[in-house]
Amino acid sequence: MSSKDQNGSRRDFLKVMGLAGVGGMLAASGGLALAATEPPAPASGAMPQRTLGKTGVKVSSLALGTMWDTPTNQIVLKQALKLGVTYWDTAESYEGGRSEEGIGQFFKKNPQARGQVFLVTKSYDSTRTAQIFDQHLNQSLKRMNTSYIDMWFVHSLTSIDEFNKPHIKAWAEKAKAEGKIKHFGFSTHKNMEDILLAAAKLDWVDAVMMTYNYRIMHNQKMKDAVKACHEAGIGLTAMKTMGGGPVKFDGEGDPALAERFLKQGYSAEQAKLKAVWSDERIASICSQMPNLAILSANAAAAMDKTSLAAEDLRWLKQYAEATRCDYCAGCAGICEEALGQAAPVGELMRAMMYYRSYGDLGRARDLFAQLPTAGLASLSAHDLARAERRCPQGLAIARLLQEAQEHLA
Ligand code: SF4
């Protein structure tokens, strides 16, 4: 379906739902701004826990993503613990190492906290050698003032071939035998479905963190992938659960979400989290929570015992369909093949997502700067049109690549 058709679909959807024009009304009245800045209801009750696959470990259903400056925000770590958000996720690369250092500062000051936290860190390096893994793991242990990591992930896989290697399996077994890691797996936000389906056939993957949200949870291939991993006992953590994409917010779609769910007492963001939690196979949602407001709102959603009604889940599914050309589903194998591997479209869309949906121009530009973009100039209109025809989301790839170069280069 073309972007033009999709825009028609979105308007039809909002009309059917009686929400066309709500965006303008809310914006004009300040209603949207009020909804976004109102202090969240204080979290109360107990943080739910779910079992992380064959590890057998009970983890908090909300995980603290720490891709932010933890040394200067120790209060967020303290409050997370208080709220029962005891699954903490970091990576050796986050904030140039400062994320791990801040967690280490916290454990040094609060040594009793280490035993309460399920600590996850990750290693990214394109070579993925045992030497690099050793280097990163030892560095993480030192930075975080701990003798062990609960879950150690090979970060950001784009293909199972990067992971399914004898030396990686042997390295994980050795690190476990030495007591440096307890469990082992990987994270992925690109070509996730193929990677998950392949991982389900390996018997040495304890858990996986992957992009999973109200948009892609309905794709048949993703459904098959989650089922296969779950049946294989692989613990599943969802990330990127807001379903943000590379397309500029147009003031129409999100107010429709806000309108529907505010009436029920929670925000659109909380509804999106609840949609993912409705899948019991997902042990936890890892959410970036750099401040107390987001932590409190997310924890309140987790502790709230009300599930989304079937009608709400259906509505979100329809909304996702009507706005699908705003979202990149990470199936980069499709568009990159159509472009003869001349451009890292998936990563460029991710950079645009940081810019457009997260409003984080700095991170978007950093990511763009790391990407091999020399081939962009050689892409022909014919090639780009072919990639757009193949894109299952109907993204305006040519326009978005142009915008990426204009704003992020
Ligand atoms: S641009 Fe389209 S084909 Fe490429 S990764 Fe995104 S959704 Fe998939």
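Residues numbered from 1 in each chain as written. Predicted model: local features only at pLDDT ≥ 70, side-chain atom pairs only at ≥ 80, totals over all residues.

### Describing the overall build of the protein chain
This is how it is decided: The helix and strand labels rest on DSSP assignments: H or I over at least four residues marks a helix, E over at least two residues marks a strand, and numbering proceeds from the N terminus. Neighbour density around each residue's C-beta defines its exposure: 20 or more other C-beta atoms within 10 Å make it buried, 12 or fewer make it exposed, and counts between make it partly exposed, where C-beta atoms are placed from the backbone. Contact criterion: two residues are in contact if their C-beta atoms, reconstructed from the backbone, are within 7 Å.
Broken down by element type, the protein chain carries 18 helices and 10 strands. Burial analysis of the protein chain (409 residues in total) assigns 49% to the buried set. Pairs at least 24 residues apart make up 79% of the contacts formed inside the protein chain by residues separated by at least 6 positions.

### Overview of the nonpolar core
Definition in use: Note on terminology: a nonpolar core is any set of buried Ala, Val, Leu, Ile, Met, Phe, Trp, Tyr and Cys residues joined through C-beta atoms within 7 Å. Throughout the structure description, domain borders are defined by an automatic or database domain assignment.
Judged by nonpolar contacts, the single largest core of 115 residues is most densely connected at Val208, Val276 and Ile397. The element that contributes the greatest number of residues to this core is helix α15 (residues 345-356), accounting for 8 residues. When residues of this core are assigned to domains, at least three map to each of domain 1 (49-316) and domain 2 (328-408). Discounting residues that sit within four places of it in the chain, Val208 has contacts with Gly185, Phe186, Leu196, Ala199, Cys229, Ile234 and Leu236.

### Remarks on the site of the ligand
Rule in force here: Residue proximity rests on one test: whether the C-beta atom, placed from the backbone, lies within 6 Å of the molecule or strand. Residues are grouped as follows: Ala, Val, Leu, Ile, Met, Phe, Trp, Tyr, Cys and Pro are nonpolar; Asp, Glu, Lys and Arg are charged; every other residue, Gly included, is polar.
Taken together, 14 residues lie near the ligand, and Cys328, Cys331, Cys335, Cys391 and Gln393 sit nearest. When residues of the shell around the ligand are traced back to their parent elements, those giving at least two are α14 (332-338) and α15. Here the residues of the shell around the ligand are counted per class, giving 11 nonpolar, 3 polar and no charged.

### Section: the pairing of strand β9 (residues 235-239)
The test is simple: Should DSSP find at least two bridges between two strands, the strands are taken to pair.
Across the 5 residues of β9, 5 count as buried, placing the element largely inside the fold. Residues Gly235, Thr237 and Met239 of β9 are buried on one face, and the alternating residues Leu236 and Ala238, pointing to the opposite face, are buried as well. Alignment of strand β8 (residues 207-211) against β9, held across 5 bridges, turns out to be parallel. For Ala207, the partnering residue across the bridge sits in β9 and is Gly235.

### Regarding the environment of Pro372
Along the chain, Pro372 turns up in the loop between α16 (361-370) and α17 (381-390). C-alpha of Pro372 to C-alpha of Ala342: the two residues are 30 residues apart in sequence and 9.0 Å apart in space.

### Considerations on the pairing of strand β7 (residues 181-188)
Where we set the bar: For the handedness criterion, the strands are oriented away from the viewer, and a crossover whose path from the first strand over the helix to the second runs clockwise is classed as right-handed.
Counting buried residues along β7, 7 of its 8 residues qualify, which places the element largely inside the surrounding structure. Where strand β6 (residues 149-157) and β7 come together, 6 bridges link them in parallel fashion. When the sheet's bridge partners are listed, Ile149 is paired in β7 with Ile181. Note that the unit made of β6, helix α7 (residues 166-177) and β7 has a crossover that is right-handed. Here 4 bridges tie β7 to β8, and the two strands are oriented parallel to one another. Within the sheet, the bridge partner assigned to Thr188 lies in β8 and is Met210. Crossover β7 to β8 through helix α8 (residues 192-199) is right-handed.

### So, the confidence of the model for the protein chain
Keep this limit in mind: pLDDT measures the predictor's confidence residue by residue and takes values from 0 up to 100.
Confidence in the prediction for the protein chain averages 89 pLDDT; 88% of positions are at 70 or higher. In the predicted structure, residues 1-7 sits below a pLDDT of 50 and forms 9 contacts with residues beyond four places in sequence or in another chain. In this model residues 16-42 is a low-confidence stretch, pLDDT under 50, and it forms 33 contacts with partners more than four residues away in sequence or in other chains.

### Quick word on the environment of Gly245
Tracing the chain through its elements places Gly245 in the loop between β9 and α10 (253-262). As a C-alpha pair, Gly245 and Tyr354 span 109 residues in sequence and 8.3 Å in three-dimensional space.

### Focus: helix α13 (residues 310-322)
Selection rule: Multiplying 1.5 Å by the residue count of a helix minus one yields the expected span of that helix. The arc refers to the directions leading from the helix axis to the C-beta atoms.
In a regular helix each residue adds 1.5 Å, so 13 residues correspond to 18 Å; α13 covers 18 Å between its end C-alpha atoms and thus fits that length. For α13, the complete set of buried residues consists of Leu316, Tyr319, Ala320 and Ala322. One face of α13 carries all of its buried residues, which in axial projection span an arc of 165°. Structural note: α13 exposes Ala310, Glu311 and Arg314 on the side pointing more than 90 degrees away from its buried face.

### Description of the sheet that holds β6
Two pairing modes exist for strands in a sheet, parallel and antiparallel, and in both the strands are linked by backbone hydrogen bonds. Where we set the bar: The convention used is that axes are lines fitted to C-alpha atoms, helices contributing only their stretch in contact, and that angles between N-to-C directions extend from 0 to 180 degrees.
Spatially, β3-β4-β5-β6-β7-β8-β9-β10 is the arrangement adopted by the 8 strands of the closed barrel, whose pairing is parallel. Neighbour-to-neighbour, the strand axes of the sheet open up by a mean angle of 25°, direction not taken into account. Set on the sheet, α7 makes contact with β6 and β7; between it and β7 the angle comes to about 145°.

### Focus: α8
Where α8 is concerned, the buried positions are Met192, Glu193, Ile195, Leu196 and Ala199. An end-on view of α8 places all buried positions within 165° of arc, on one side of the element. Against the buried residues of α8 lie β6, β7, β8 and α9 (220-231).

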